[in-house]
Amino acid sequence: MNSKRNRNGQAFPCIPGEHVLEEAARVRKIVRSRDGEGSILGTLYCTNLRVAFVPEPAPGDTVGAPRCSTCLHSEHDVALPCIGRLVAVNSFTKAKVLTANSTLKFIPEELVLYCRDFRVLRFRFRDSGLEPRACQVTLAIVQAQESSSASAGTWYDSGAIRNLENAWLSTEESLSPPTLLFERPCDWEKELRRLGAAGWRVSPVNERFDMATSLPKYLWVPGRLLDNELKRAFGHFNARRVPRLCWHHPGGSDLLRAAGFHADSDPEKEDVRSVEALMLAGHAQCVIVETAADLPSPAEIQLSYLKLRALCLPDSSVADEKWLSALEGTHWLEHVRACVRKASEVAALLAERSRSIILQESDDRDLNCLLASLVQVLSDPHARTQSGFQSLLQKEWVVAGHPFLQRLNLLRDNDREESPVFLLFLDCVWQLLQQFPASFEFTETYLVALHDSSYIPFFSTFLFNCQWERDRRNQHRASNQIYAPVNGWRELPPLEILQKGGRLAKERGGPYLPTIWDWALRYTTQQRAQFRNPAYARGSGSTTVPNGKSAPLGGDKLEAAPSGNGAVYLFAKGALSPQTHLFPWKNGSLSKKGWWRAQSSESLSEQDRSLRSKPSGCPLQPEGLLLPASAGPLIRLWRRCYLRGSQEVQRGLFASTLAELAEELDRLRERLGD
């Protein structure tokens, strides 16, 4: 890591390729709490990658010593793409929201950064508005932020990112705990063995992405289905995203996911047989879960999120007595509740009896990611460990083709496609953590760190929309790589660098951006220790909701519907409805809104089976299954994440001192006493 010293001889650790644009010394970072307002004295830096504040050394510290062993994260730093709004404040004029075309007619006394991760950073300049460098560093931040947005298409190819790749080569392999990235067939094989899914195999049919660019290289498909037969099915699903296995239940059920049926496809008999083999997967019964039927659309999620963020910021105009009703009006908790409820229902279907369950969404890249992951968190204790959870996110989000770059709008170039589906999922997991605290190996601190990591553009995990896009960019980078000295390295030939590099670099044959799972690049050992839950009981689980009432794991026994070799049911609105045909093509037409819409709901009303109709238990009571409550006050606001900018609850991610730990302990005792 490079470093730059300010006028006081204090070191600022730069990322390789990062350079300081402007700095202002003797700046105070405002810290607000219930006890009032305090401040931390230090130096404010604007670089080509971030805004960073370095506190001055405490008495007794070595002058010029770096603040910690890592420089990719700090409570005082914010990456440029994470800045949502920049406000300059002066006591003699109105606060001014700064944009690329802004001109400052006054010297700021205070600079406020409203971050997209709900943090609010306040910096107060010395001399009460007479500090000339206040204007320089403020305008530098505005221009740097604009440059990061304007160069969105070339961000990954920037010199800073290229040098960060080289820095990654110089680090020891530190993916701890081990995380399966699902970029190699051996990762898929290993996970398939863990699941005990004997009837399934790893298919390399999409290894070159010639079947579907948004799908991963490797797919889990029925063992008896040959790749030549599998290829027949791709064209009959939107974006060629065919059904494939997500998770195998110990009781025999299989969870699959797929895009909607292609409206204009005209399959031959052989094609229909291939699709049947994929969807039935050797079972006598197939349940198609209409994912979008009960869940909010990406546009609704985005609108709700914007309302939530506006409400949770400290400058919200909502009166205290109307705050809770305003929170309800955002519909965010309603969306969280819907996701938790539907995931619980699908988990119950999996546990009830051996069947194939297919999560079907129009494009299979948003709500299917959320629902498939949440069902596995509820059903599989391994997914509630840190390594298992990270592997789950790799499998169901990263390589499965969730468009992170569009949905998080990290490069600020496509507001229309922005929708924090992934952040909604993290909120759902937090709700489960509150209801089943001993069932998770990781803590709320870990979830907040993961939430914040989604806005850091220095890692490959959230920087692309699919595996094909990530691989194509990496290949382009490798073919044009320029090796720069890092940490005193001299320029070395690629082979020698690879011999010194980490596992990922060796596999790819060149530089490679780290993933967010390499927490050691951003957090110290003491900080990472706070990711682990001391109350975690391995293998713990319950089939009862926290209020002690037995959770229904299924309704009446399902009768097979006449449909060739297997029975098919539609699951929507909490009810199972038998379908006459397994596939829409047997009806001769396909409605774009869903093939089952053509059927009369009245004719099926007497055959509907509701999961909530009878609270009878299922024959299989799997250990480790979580069925949470989703009604009323049990779905709560994630205060530590969303209210970090509020004066009443403003806290950092970590309690770094004994005094702060003691304060947190006192508050916990107060709550327990209440």
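Calculation rules
Residues numbered from 1 in each chain as written. Predicted model: local features only at pLDDT ≥ 70, side-chain atom pairs only at ≥ 80, totals over all residues. Heavy atoms only, no water. UniProt positions renumbered as here; feature names shortened; annotations may be inferred. Helix = DSSP H or I, 4+ residues; strand = E, 2+ residues; numbered from the N terminus. Buried < 20%, exposed > 50% of the residue type's maximum accessible area, 1.4 Å probe, protein only. Contact = heavy atoms within 4.5 Å. Areas by Shrake-Rupley, 256 points an atom, 1.4 Å probe, with all protein chains shown as cover. Pairing = 2+ DSSP bridges. Salt bridge = Lys/Arg side-chain N within 4 Å of Asp/Glu carboxyl O. Expected span 1.5 Å × (residues − 1). Axes fitted to C-alpha atoms, helices over the stretch in contact; angles between N-to-C directions. Parallel < 35°, antiparallel > 145°, perpendicular 65-115°, else oblique. Nonpolar A, V, L, I, M, F, W, Y, C, P; charged D, E, K, R; others polar. 1 Å grid on protein atoms, 1.4 Å probe; cavity = no way out; pocket = protein on both sides within 12 Å on 5 of 7 lines; lining within 4 Å. Points joined across faces, edges and corners; volume = space filled by probe spheres on them. Core = buried A, V, L, I, M, F, W, Y, C linked by side-chain atoms within 4.5 Å. Domains from an automatic or database assignment. Disulfide = S-S within 2.5 Å. Polar contact = N/O pair within 3.5 Å; in protein donor to acceptor, adjacent residues only side chain to side chain. Phe/Tyr/Trp six-rings, centres within 6.5 Å; stacked < 30°, edge-to-face > 60°. Lys NZ or Arg CZ within 6 Å of the ring centre and 35° of its normal. pLDDT = per-residue confidence, 0-100.

If you check an unreviewed UniProt entry, the protein appears there as Myotubularin related protein 11 from Terrapene triunguis. UniProt, in its Sequence similarities (unreviewed entry) section for the protein, records the words "Belongs to the protein-tyrosine phosphatase family. Non-receptor class myotubularin subfamily."

Peer 1: Just give me the short version of the overall build of the protein, but keep the residues and values in it.
Peer 2: Assigned secondary structure in the protein consists of 20 helices and 19 strands. Across the 674 residues of the protein, 57% fall into the buried class. A separation threshold of at least 6 residues defines the contact pool for the protein, and within that pool the share at least 24 residues apart is 72%. Accessible area of the protein: about 28,300 Å², with a carbon and sulfur share of 50%.

Peer 1: Kindly report on the pairing of strand 18 (residues 575-578), identifying the contributing residues and their values.
Peer 2: Here strand 18 shows a buried face lined by Ala-575 and Ser-577 and a second buried face lined by Leu-576 and Pro-578. Where strand 17 (residues 567-572) folds back onto strand 18 in an antiparallel hairpin, the turn is made up of 2 residues, including Lys-573, whose phi is positive at roughly 55°.

Peer 1: Provide a residue-level description of the pattern of salt bridges, including the pertinent values.
Peer 2: One pass over the full model with this rule turns up 29 salt bridges. Between Asp-294 and Lys-573 there is a salt bridge whose closest N-O contact spans 4.0 Å. Placement of the pair is Asp-294 in the loop between strand 15 (285-290) and helix 6 (298-312) and Lys-573 in the loop between strand 17 and strand 18, with a sequence separation of 279 residues. Here Asp-294 falls in the partly exposed class, since its relative accessible area comes to 23%. Taken together, the salt bridges that share partners define one network made up of Arg-241, Arg-244, Arg-257, Asp-364, Lys-395 and Glu-396.

Peer 1: I'd like a rundown of the environment of Gly-329, residues and numbers included.
Peer 2: Looking at where Gly-329 falls in the secondary structure, it is placed in helix 7 (residues 323-330). Placed 25 residues apart in sequence, Gly-329 and Ser-304 show a C-alpha to C-alpha distance of 8.6 Å.

Peer 1: Can you explain helix 9 (residues 367-379)? Please cite residues and give values.
Peer 2: In a regular helix each residue adds 1.5 Å, so 13 residues correspond to 18 Å; helix 9 covers 18 Å between its end C-alpha atoms and thus fits that length. The element helix 9 is extensively covered by neighbouring structure, given that 13 of its 13 residues are classed as buried.

Peer 1: Tell me about unusual backbone geometry, and name the residues and values.
Peer 2: Positive phi, normally seen in glycine, also occurs at Ala-281, with a value near 50°. With respect to the helices and strands, Ala-281 occurs in the loop between helix 5 (269-280) and strand 15. You can call Ala-281 buried: its relative accessible area is 14%. We note that Lys-573 has phi near 55°; this positive angle belongs to a residue other than glycine.

Peer 1: Help me get a handle on the packing of helix 6 against helix 7, residues and values and all.
Peer 2: Put simply, helix 6 and helix 7 touch, their axes get as near as 8 Å, and they point 160° apart. With respect to helix 7, the element helix 6 is oriented roughly antiparallel. Contact residues: Ser-304, Lys-307, Leu-308, Leu-311 and Cys-312 in helix 6; Trp-323, Ala-326, Leu-327, Gly-329 and Thr-330 in helix 7. Along the lines of polarity and charge, the residues of the contact of helix 6 with helix 7 split into 6 nonpolar, 3 polar and 1 charged.

Peer 1: Quick one: what's the story with empty space enclosed by the protein, residue by residue and with numbers?
Peer 2: Tallied over the full model, the rule gives 8 cavities of 30 Å³ or more. Estimates place the volume of the second largest cavity at around 90 Å³. Forming the boundary of the second largest cavity are Trp-188, Pro-216, Tyr-218, Leu-219, Trp-220, Arg-244, Leu-245, Cys-246, Arg-257, Lys-395, Glu-396 and Ala-400. At the level of secondary structure, the elements contributing two or more residues to the lining of the second largest cavity comprise strand 12 (219-222), strand 13 (244-248) and helix 10 (386-398). With 3 residues, the top contributor of residues to the lining of the second largest cavity is strand 13. Along the lines of polarity and charge, the residues of the lining of the second largest cavity split into 8 nonpolar, no polar and 4 charged.

Peer 1: I'd love a proper account of the nonpolar core, names of residues and values included.
Peer 2: By size, the foremost hydrophobic cluster in this structure holds 162 residues, and its most contacted members are Phe-389, Phe-422, Phe-425, Leu-447 and Leu-450. Considering each element in turn, this core owes the most residues, 12 residues, to helix 8 (residues 332-352). Mapped onto the domain boundaries, this core takes at least three residues apiece from domain 1 (20-168) and domain 2 (185-531). Those residues in contact with Phe-422 that lie beyond four places of it in its chain are Leu-393, Trp-397, His-402, Phe-404, Leu-450 and Phe-462.

Peer 1: Outline the state of the cysteines, supporting the account with residue identities and numerical values.
Peer 2: Inspection of every chain in the model, using the stated rule, returns 0 disulfides. No disulfide involves Cys-82; its nearest neighbouring cysteine sulfur is the one of Cys-115, lying 5.1 Å away. Free cysteine Cys-339: the closest other cysteine sulfur is in Cys-428, separated by 4.4 Å. The class for Cys-339 is buried, based on a relative accessible area of 0%.

Peer 1: Please set out the side chain of Gln-435 residue by residue, giving values where relevant.
Peer 2: Positionally, Gln-435 belongs in helix 12 (residues 421-435). At 2.8 Å, the side chain of Gln-435 and the backbone oxygen of Ala-629 are in polar contact.

Peer 1: Describe the packing of aromatic side chains, and please don't skip the residues or the numbers.
Peer 2: Applying the stated rule across the entire model yields 28 aromatic pairs. With a centroid separation of 4.9 Å and an interplanar angle of 45°, the aromatic rings of Phe-389 and Phe-442 are classed as tilted. Taken together, the residues Phe-389 in helix 10 and Phe-442 in the loop between helix 12 and helix 13 (444-453) connect sequence positions 53 residues apart. Like Phe-389, the residue Phe-442 is buried in the burial classification. On the basis of an interplanar angle of 40° and a centroid distance of 5.9 Å, the ring pair of Trp-519 and Tyr-523 is categorised as tilted. The pair Trp-519 / Tyr-523 is uniform in exposure class, with both members buried. Sitting over the face of the ring of Tyr-114, Arg-85 holds its NZ or CZ atom 4.1 Å from the ring centroid. Directly above the aromatic system of Phe-459 lies the positively charged group of Arg-522, at a separation of 4.7 Å from the ring centroid.

Peer 1: Mind laying out the environment of Ser-391, listing which residues take part and the relevant values?
Peer 2: Along the chain, Ser-391 falls in helix 10. The spacing of Ser-391 and Leu-181 is 210 residues in sequence and 6.4 Å in space, taken between C-alpha atoms. Those residues within four positions of Ser-391 in sequence are excluded, and the remaining contacts are Thr-179, Leu-180 and Phe-182.

Peer 1: I'd like a rundown of helix 6, residues and numbers included.
Peer 2: Its 15 residues give helix 6 an end-to-end C-alpha distance of 21 Å, which sits within 8% of 21 Å, the value for a rise of 1.5 Å per residue. Residues of helix 6 that are buried: Pro-298, Ile-301, Gln-302, Ser-304, Tyr-305, Leu-308, Arg-309, Leu-311 and Cys-312.

Peer 1: Residues and numbers for the confidence of the model for the protein, please.
Peer 2: This prediction gives the protein a mean pLDDT of 79; 70% of its residues lie at or above 70. In the predicted structure, residues 169-175 sits below a pLDDT of 50 and forms 21 contacts with residues beyond four places in sequence or in another chain.

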